[in-house]
Amino acid sequence: MDFHHSTSLTVYLLSILETISNVTLRANVIDLMELNDTVIFSCSVSSGSSPFSYRWLNGSSEVTARYGIQLGDGGRTLTIANVTRYDQGPYRCIVSNPVSSKPSQNLTLIISYGPENTTMKVTPLDVLYGSGSNLTLSCSAESSPSAQFQWLLNGTLLSNNGPELRLENIQANQSGSYSCWAHNTRTLRYQISEPSDITVLEPISGANITTTPNSSIIEGGSVNLTCDASGAIITREWMKDGHPLSAGGNIIISEDKRVLSINPVKRTDSGEYRCRVSNPISTANAKHGLIVNYGPDGMEIMGPSEIEVGQKITLTCSADSIPTSSYTWVLNGTEIPGHSPEFTKEKSEYSDSGDYTCTATNNVTGNKTSVVHKLSVKTEGSLSQGLSAGAIAGIVIGVLLVLGVAVGVAVYFMKIKGFFKKESSRSVGNTGKSSANGGGPGGNQPALCPPYLRRLLLQITGMMALSSVWRMSCASCLLKKYLRLIQGPELCRHHTIPEEGWWVSSAGEPGYFLHRVRSGPSQQPAWSACRTTHLQIPPFLGEKAWP
């Protein structure tokens, strides 16, 4: 028997792949300028079996194709256009095949940029600084490579370089606007910081006020007060006698308040003027006493216009004047020695009567003025004054009360007791006889008040009334003096127009007129009595008021 056997053959192809080694990363340029240059990376393998795959990393972040970034040659190349500071790496590529994966070395780019965000800082930070202070100015900027710094004052470059500027014992002439200038020598770019104003003030000292004119100030003129001081003056303020002054009326203040003008000057402008000058770090005050010279005016002479011979004369002259005036006295055209404002003489004489002229002279203003005072020297006792109106009223009321009581008593006796009635002869009893002398029973009774006693009583009553009248004229005088005074021939001559009065008179005889007059320097009302030949009996007295 014939057996046929078939045989199959399987062929296996065995591929042996080599692992990757020596992965190399290169760039066409490493030193780049931001936003200006483009970099191309290439990744290569020295040994290893293909196919290869590529992955790119920037640090730990994978780089993929996007705007400005391209992958080429199957991912073997990486292109970054217009690099920025954030593209500096480090970069690496990872190459893989089916049997291995191998990274390249790191590659970091140098990207130059800036300067940007340039800022300046002042230490210590303040608005104003006093002279002698120490300051430090520091400057910073974002830049690669690091920026170079220079300093500017008011836009002018200073010789100082570096990121720090020290100002020690700074003075007012160093005030100004400071800024720093940052420069990148690789990018050739520069930037200036925002300026910082530094104001250095000198403390104020030596404040003073000067006046123009510097001679005596006379009312009606003008004066300028100027306030000055050393140091930095920011504000000025004027005050008078502790109260703030502002422009208005005769006060004019300059725009910078340095000069205060007064025109015209008044006497009320005298006082203490103060100028306060200040800045935020110091204050100083200056004061000046302004004296306004004026006068003399408002003159008057104080003293009596009448005086009795032998009495002391005192006349006082006064005037409003700065400085105090000097005085001269003239009597009836004859100068009296001395320059006192008061004229005195212990014992007056009749020759001292006349016009007293007082002249006041101000030696600064050059003005003089005069006033006249009339003085009359009278005979002794001629100027004696009566009582006051109140005292007279009291006396009158008292006299009227006394008279009322006396009249009441008299009426009582006349009507009740028959004290003043004279009994007629009549018969008594049944004897039919009468007594011739009023004695005995049934005869004429004697008068209760004999005629001589009645006359005496009426005289006493009248004397009491007249005495009261005299006391109204001068309570301190004796009865004899009043009799002389009343009978004086010239008494009524001075009082021809009485203010008010009434007559005290006996019927048909010359009487005495009691009237009220004003006399003496004080012109106070007084009572006076004078004899007159005219007769008028007031109704309340009646014709039988006096015996």
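In the nomenclature of an unreviewed UniProt entry, the chain corresponds to Carcinoembryonic antigen-related cell adhesion molecule 5-like isoform X10 from the organism Salvelinus namaycush.

Caption draft 1: Geometry of the overall build of the chain. Each helix and strand counted, the chain has 3 helices and 38 strands in total. Relative to all contacts within the chain whose residues are 6 or more apart in sequence, the contacts with residues 24 or more apart total 59%. When the accessible surface of the chain is totalled, it reaches about 32700 Å², and 53% of it is carbon and sulfur.

Caption draft 2: Fine view of the confidence of the model for the chain. Taken residue by residue, the chain gives an average pLDDT of 79. The fraction at 70 or more is 70%. Low pLDDT (under 50) marks residues 419-449, which in the prediction has 38 contacts with non-local residues, meaning those over four places away or in another chain. Contacts from residues 465-547, a stretch scored under 50 in pLDDT, to residues over four places away or in other chains number 130 contacts.

Caption draft 3: A look at the pattern of salt bridges. What the rule picks out here adds up to 16 salt bridges. Put simply, Arg267 and Glu219 hold a salt bridge, and the shortest N to O gap is 3.1 Å. Of this pair, Arg267 sits in the loop between strand E25 (259-262) and strand E26 (271-279) while Glu219 is found in the loop between strand E20 (217-218) and strand E21 (223-230), placing the two residues 48 residues apart along the sequence. The residue Arg267 makes a salt bridge to Asp297 at a minimum N-O spacing of 2.7 Å. Separated by 30 residues along the polypeptide, Arg267 in the loop between E25 and E26 and Asp297 in strand E28 (residues 292-302) bring together distant segments of the chain.

Caption draft 4: Focus on the state of the cysteines. Throughout the structure, instances matching the rule amount to 4 disulfides. The side chain of Cys317 participates in a disulfide bridge whose partner is Cys358; the two sulfur atoms lie 2.1 Å from each other. Judged by the torsion about the S-S bond (-100 degrees), the Cys317/Cys358 disulfide is left-handed. Residue Cys317 is located in strand E30 (residues 313-322), and its partner Cys358 is located in strand E34 (residues 354-361); the two are separated by 41 residues in the primary sequence.

Caption draft 5: Here's a closer look at the sheet that holds strand E23 (residues 243-244). What the 4 strands build is an open sheet, ordered E23-E22-E26-E27; its pairing is antiparallel. At either margin of the open sheet sits one strand with a lone partner, and together these are E23 and strand E27 (282-290). The sheet contact formed by E26 and E27 spans 9 bridges and is antiparallel. Residue pairing in the sheet places Tyr273 in a bridge with His288 of E27.

Caption draft 6: View of the packing of aromatic side chains. Applying the stated criterion across every chain yields a total of 5 aromatic pairs. Plain terms: the ring middles of Phe41 and Tyr91 are 4.6 Å apart, the flat faces sit at 35 degrees to each other, and that makes the pair tilted. You can see Phe41 sitting in strand E3 (residues 39-47) and its partner Tyr91 sitting in strand E8 (residues 91-97), a full 50 residues away along the chain. Tyr91 shares its class with Phe41; the two are buried. With a centroid separation of 6.0 Å and 40 degrees between ring planes, the pair formed by Trp329 and Phe343 is classed as tilted. Taken together, the residues Trp329 in strand E31 (residues 326-331) and Phe343 in strand E33 (residues 342-345) connect sequence positions 14 residues apart. Phe343 carries the same exposure label as Trp329, and that label is buried.

Caption draft 7: Quick peek at the sheet that holds strand E12 (residues 135-144). Reading across the sheet, the 4 strands line up as E2-E10-E12-E15 and stay open at both edges, with mixed pairing between neighbours. Because the sheet does not close on itself, it has two edges, and the strands there are strand E2 (31-33) and strand E15 (164-167). Across the sheet, the mean angle separating the axes of adjacent strands is 30 degrees when strand polarity is ignored. Note: E2 against strand E10 (residues 110-123), 3 bridges, orientation parallel. Following the sheet pairing, Met33 is matched in E10 by Ser112.

Caption draft 8: Expanded view of the pairing of strand E13 (residues 148-153). Pairing of E13 with strand E16 (residues 176-184), which is carried by 6 bridges, proceeds in the antiparallel orientation. If you follow Leu153 over to E16, its bridge partner there is Tyr178. Taking the residues that link successive antiparallel strands as the turn, the E13-strand E14 (residues 156-161) hairpin has 2 residues, and the phi of Asn154 there is positive, at about 55 degrees.

Caption draft 9: Structural detail: unusual backbone geometry. Of note, the amide linkage connecting Ser144 to Pro145 takes the cis form, showing an omega dihedral of -5 degrees. Among the structural elements, Pro145 can be located in the loop between E12 and E13. Residue Pro213 follows Thr212 across a cis peptide bond; omega there is 0 degrees. Along the chain, Pro213 turns up in the loop between strand E19 (205-212) and E20. For Leu35, which is not a glycine, the phi torsion comes out positive at approximately 65 degrees. In this structure, Leu35 sits in the loop between E2 and E3. For Asn154, which is not glycine, the phi torsion reads 55 degrees and is therefore positive. Mapped onto the secondary structure, Asn154 falls in the loop between E13 and E14. Asn154 sits in the exposed class, given a relative accessible area of 52%.

Caption draft 10: Quick look at the environment of Ser326. Structurally, Ser326 is set in strand E31. Considered as a pair, Ser326 and His339 are 13 residues apart in the sequence and their alpha carbons are 6.1 Å apart. Non-local contacts of Ser326, meaning those with residues more than four positions away in its chain, are made with Thr359, Ala360, Thr361 and Asn363.

Conventions adopted
- Residues numbered from 1 in each chain as written.
- Predicted model: local features only at pLDDT ≥ 70, side-chain atom pairs only at ≥ 80, totals over all residues.
- Heavy atoms only, no water.
- Helix = DSSP H or I, 4+ residues; strand = E, 2+ residues; numbered from the N terminus.
- Contact = heavy atoms within 4.5 Å.
- Areas by Shrake-Rupley, 256 points an atom, 1.4 Å probe, with all protein chains shown as cover.
- pLDDT = per-residue confidence, 0-100.
- Salt bridge = Lys/Arg side-chain N within 4 Å of Asp/Glu carboxyl O.
- Disulfide = S-S within 2.5 Å.
- Pairing = 2+ DSSP bridges.
- Phe/Tyr/Trp six-rings, centres within 6.5 Å; stacked < 30°, edge-to-face > 60°.
- Buried < 20%, exposed > 50% of the residue type's maximum accessible area, 1.4 Å probe, protein only.
- Axes fitted to C-alpha atoms, helices over the stretch in contact; angles between N-to-C directions.

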